[in-house]
Amino acid sequence: MTVEEFLYREARLLDTGELEAWLELFTEDATYWVPLERSQKDPFETSSLIYDDRALLELRVKQARHPRAHARQPLARTVHQVGNVVVTNESKDEALVHSTLTLVEWRNEKQRVWGAHVEQRQRR
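If you're wondering where the values come from, they're calculated on a predicted model, not measured in any experiment.

Undergrad: Would you mind going over helix α3 (residues 54-65) with me for this structure?
TA: Each full turn of the α-helix corresponds to 3.6 residues, which orients residues three or four apart in the same direction. Compared with the 16 Å implied by 1.5 Å per residue over 12 residues, the 17 Å span of α3 between its first and last C-alpha is a close match. For α3, the full list of buried residues reads R54, L57, V61 and A64. Here the buried residues of α3 occupy an arc of 85° about the axis, which is enough to place them on one side. Packing partners of the buried residues in α3 comprise α2 (19-23), β1 (31-35) and β2 (48-53).

Undergrad: Please explain the sheet that holds strand β5 (residues 110-123) as it appears in this structure.
TA: Within a sheet, neighbouring strands are paired by backbone hydrogen bonds and run either parallel or antiparallel to one another. Pairing within the open sheet is antiparallel, and its 3 strands lie in the order β3-β4-β5. Looking at which strands have only one partner, the edges of the open sheet turn out to be β3 (77-90) and β5. Each adjacent strand pair in this sheet contributes to an overall mean axis angle of 15°, direction not counted. Note that strand β4 (residues 94-107) and β5 share 14 bridges and pair antiparallel. Its bridge partner being in β5, W106 is matched across the sheet by Q111.

Undergrad: How do you make sense of the environment of N89 when you look at a structure like this?
TA: In this structure, N89 sits in strand β3. Placed 27 residues apart in sequence, N89 and K62 show a C-alpha to C-alpha distance of 34 Å. Sequence-distant contacts of N89, defined by excluding residues within four places in its chain, comprise E94, A95 and L96.

Undergrad: Could you clarify how one ought to interpret the pattern of salt bridges in this entry?
TA: Opposite charge on two side chains permits them to pair, given that their charged atoms come into close proximity. One pass over the structure, following the stated rule, counts 10 salt bridges. For R60, the salt bridge is made with D52, and the minimal N-O distance between the two is 2.3 Å. In this structure, R124 engages E90 in a salt bridge whose closest nitrogen and oxygen atoms are separated by 2.3 Å. Of this pair, R124 sits in the segment after β5 while E90 sits in strand β3, and the two are 34 residues apart along the sequence. With relative accessibility at 57%, the residue R124 sits in the exposed group. Using a relative accessible area of 52% as the deciding quantity, one classes E90 as exposed.

Each value, and the rule that gives it
Residues numbered from 1 in each chain as written. Predicted model: local features only at pLDDT ≥ 70, side-chain atom pairs only at ≥ 80, totals over all residues. Heavy atoms only, no water. Helix = DSSP H or I, 4+ residues; strand = E, 2+ residues; numbered from the N terminus. Expected span 1.5 Å × (residues − 1). Buried < 20%, exposed > 50% of the residue type's maximum accessible area, 1.4 Å probe, protein only. Arc of directions from axis to C-beta. Contact = heavy atoms within 4.5 Å. Pairing = 2+ DSSP bridges. Axes fitted to C-alpha atoms, helices over the stretch in contact; angles between N-to-C directions. Salt bridge = Lys/Arg side-chain N within 4 Å of Asp/Glu carboxyl O.

Quick look at the structure:
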């Protein structure tokens, strides 16, 4: 699977609500980080929107599926549009991948749009 195919698959899993399959894309030592500030260099210098290890990602998926998670119901319908995929560093075991992401969310009769510059370390 190419790095682009991986990103497209990840987006598709999220858009179709296959959260458990999405979770399986992550290694046991994975970190999922969404910085609060664009220039933020690490998750410890200031607060982050998300800074989760694999266990916390699993908890998020379980919470989204829990019947009493009223704040998350209904789950959002989303479209993740991945683009500008560039591999900036590659070794036998790992690739550093930069891409752009446009996320459109529809929830509670409201549409929201986010854009992001994404950096991933993908293991083969």
